[in-house]
Amino acid sequence: NTIYGIITNLSTGDPIEGADVVLLTSPGVAQNVVTVKSNASGQYIMSGIPDGTRVLFASAFGYYVSSLVPITISGGSIINSDIAMQAYQYPQATVNGYIKRQSGDAIGNACVGLYLLNPQDVEILQQVTFTDSTGFYIFGRVPAGTYVIKSRSDKTVATLG
């Protein structure tokens with residue numbers, strides 16, 4: 001019996017090289033396990049598989065483990081089982097830095113804005129923070145994208161009343 005297929009990225013359809021393709025006798029049973037790696041084209045092949053019902057799945061760095069695929073094989077079966085895997089989503093990062101004068105002196109209490117640059121090159125304000133006494137600022141939970149940082153340290157005195 002032979003099982004073959006292609007491991008691909010679910011979102012893009014691109015092949016995944018180096019994915020571990022695993023065939024188990026049943027979920028949670030780690031005996032009679034067959035493991036192969038996908039090639040540069042995402043292809044894998046397992047041969048000499050004994051008759052029976054098995055469970056197939058794939059895992060790869062940067063991807064969630066695939067769903068379990070039940071497979072029943074017997075009598076010299078040749079089975080195609082392509083697997084599409086979902087890439088990890090790394091939606092959040094931090095953006096940080098220092099706001100300083102041209103002389104190198106830190107600017108404390110400067111207002112710092114984080115602007116997302118959309119595909120039309122329009123800046124969309126995402127977050128606002130203030131620098132500490134060393135000029136340091138940090139933005140957390142920033143989704144993937146292209147950003148512009150703007151700061152302002154003007155001081156305005158207002159008299160109320």
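All residue numbers refer to position in the chain's written sequence, counted from 1. Only residues with pLDDT of 70 or above have their local features reported here, since the model is predicted, and side-chain atom pairs are shown and tallied only from 80 upward, although totals for entire chains, interfaces and linings are computed over all residues. Side-chain measures were taken over the full set of non-hydrogen atoms in the model, leaving aside hydrogen atoms and water.

**Quick notes on the environment of Asp132**
Put simply, DSSP H or I for four residues or longer makes a helix, DSSP E for two residues or longer makes a strand, and each gets a number counted from the N terminus. Tracing the backbone through its elements, the reader meets Asp132 in the loop between strand E11 (123-130) and strand E12 (136-142). Considered as a pair, Asp132 and Ala87 are 45 residues apart in the sequence and their alpha carbons are 37 Å apart. Leave out the neighbours within four places in its chain, and Asp132 touches Ile107, Gly108 and Asn109. For this analysis, a polar contact is any N or O atom pair within 3.5 Å, provided that within protein one partner can donate a hydrogen and the other can accept it, and provided that sequence-adjacent residues contribute only side-chain to side-chain pairs. At a separation of 2.6 Å, a polar atom in the side chain of Asp132 contacts the side chain of Thr134. Between two residues, a contact is recorded if the distance between any of their heavy atoms is within 4.5 Å.

**Looking at a nonpolar patch on the surface**
Grouping into patches uses exposed residues only, defined as over 30% relative accessible area, and leaves out salt-bridged ones; the cut-off is 9 Å for like charges and 5 Å for nonpolar side chains (Val, Leu, Ile, Met, Phe, Trp, Tyr). Throughout, the Shrake-Rupley method with a 1.4 Å probe supplies accessible areas, and for residues the shown protein chains are the sole cover considered. By convention in these notes, a salt bridge is any Lys or Arg side-chain nitrogen within 4 Å of a carboxyl oxygen on Asp or Glu. Taken together, Tyr4, Ile45 and Ile78 make up a surface patch of nonpolar side chains, about 320 Å² in accessible area. Secondary-structure assignment places Ile45 in strand E4 (residues 43-47).

**Notes on the side chain of Arg54**
With respect to the element layout, Arg54 can be found in strand E5 (residues 52-59). The buried label goes to any residue with under 20% of its type's maximum accessible area, the exposed label to any with over 50%, and the partly exposed label to all in between, with areas taken from a 1.4 Å probe on protein chains only. Working convention for charge: Lys and Arg count positive, Asp and Glu count negative, and His plus the chain ends are omitted. With no salt bridge to any partner, buried Arg54 finds its closest opposite charge in Asp51, at an N-O distance of 7.6 Å. A distance of 3.3 Å separates the side chain of Arg54 from the backbone oxygen of Pro50, its partner in a polar contact. In contact with Arg54, other than residues within four places in its own chain, are Leu23, Leu24, Thr25, Ile49, Val69, Pro70, Ile71 and Ile73.

Purely geometric numbers; function is a separate question.
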